[in-house]
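An overview of the molecular structure
Residue-level listing of the chains:
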Amino acid sequence: MTKTNGAKVAVVGGGYAGIIAAQRIARRTAHLGTEVTLVNAGDALVNRIRLHEVAAGAAPVRRSLAKLLAGTGATLRVARVERIDAARRRLELRDCDAE
């Protein structure tokens, strides 16, 4: 039986640290029913440590964020954060087209 604590966690930014944070928080709080959402403007992780190869003409290495989150319990929301309302603990988002 899964407990439900009603907690919602938003991780803003789907770079290396954001992906790892969303995966770990989701896995460690799954038994509590915590809802973990990764918010990122695009649907893919661009392998930035290889961008020098792009400058030389190679295609950028992109990995699907949804696939990286699969099985962790975290979900992806392709959107930009327009505003953070700290007092109400809310994010105001603007949906983006997948890039």
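Residues numbered from 1 in each chain as written. Predicted model: local features only at pLDDT ≥ 70, side-chain atom pairs only at ≥ 80, totals over all residues. Heavy atoms only, no water.

With that settled, the discussion passes to the sheet that holds strand β6 (residues 90-95). With mixed pairing, four strands are arranged side by side in an open sheet as β1-β2-β5-β6. Edge positions in the sheet fall to β1 (8-12) and β6, since each of these pairs with one other strand and no more. Geometrically, the sheet is characterised by an average inter-axis angle of 55° between neighbouring strands, direction not taken into account. As paired strands, strand β5 (residues 74-85) and β6 are joined by six bridges and run antiparallel to one another. In the strand pairing of β6, arginine 80 is matched with arginine 94. Helix-sheet contacts for helix α1 (residues 16-29) involve β1, β2 (35-40) and β5, and the interaxial angle to β2 is about 170°. (Pairing = 2+ DSSP bridges. Helix = DSSP H or I, 4+ residues; strand = E, 2+ residues; numbered from the N terminus. Axes fitted to C-alpha atoms, helices over the stretch in contact; angles between N-to-C directions. Contact = heavy atoms within 4.5 Å.)

In the structure shown here, the tally under the stated rule is six salt bridges. For arginine 83, the salt bridge is made with glutamate 92, and the minimal N-O distance between the two is 3.7 Å. The exposure class assigned to arginine 83 is partly exposed, which follows from its relative accessible area of 43%. Salt bridges here are not isolated pairs; linked through shared partners, they connect Arg83, Asp85, Arg88 and Glu92. (Salt bridge = Lys/Arg side-chain N within 4 Å of Asp/Glu carboxyl O. Buried < 20%, exposed > 50% of the residue type's maximum accessible area, 1.4 Å probe, protein only.)

This brings us to the environment of serine 64. Mapped onto the elements, serine 64 comes out in strand β4 (residues 62-64). According to the relative accessible area criterion, serine 64 is partly exposed, its value standing at 30%. In sequence terms serine 64 and glycine 42 are 22 residues apart; their C-alpha atoms lie 9.5 Å from each other. Setting aside anything within four residues of it in sequence, one finds serine 64 in contact with Asp43 and Ala44. At 3.4 Å, the side chain of serine 64 forms a polar contact with the backbone nitrogen of alanine 66. (Polar contact = N/O pair within 3.5 Å; in protein donor to acceptor, adjacent residues only side chain to side chain.)

Right, let's get into a nonpolar patch on the surface. There is a patch of nonpolar side chains on the surface, built from Val12, Val81, Ile84 and Leu91 and spanning about 320 Å² of accessible area. With respect to the helices and strands, the residue leucine 91 is situated in strand β6. On the basis of relative accessible area, leucine 91 is assigned to the partly exposed category, the value being 31%. (Patch = residues over 30% accessible without salt bridge, like charges linked within 9 Å, V, L, I, M, F, W, Y side chains within 5 Å. Areas by Shrake-Rupley, 256 points an atom, 1.4 Å probe, with all protein chains shown as cover.)

Here we come to the nonpolar core. Formed by Val11, Ile19, Ala22, Ala26, Val36, Leu38, Leu45, Leu65, Leu68, Leu69 and Ala74, the largest nonpolar core amounts to eleven residues. If sequence neighbours within four positions are ignored, isoleucine 19 has contacts with Gly13, Gly14, Leu38, Leu45, Leu65 and Leu68. (Core = buried A, V, L, I, M, F, W, Y, C linked by side-chain atoms within 4.5 Å.)

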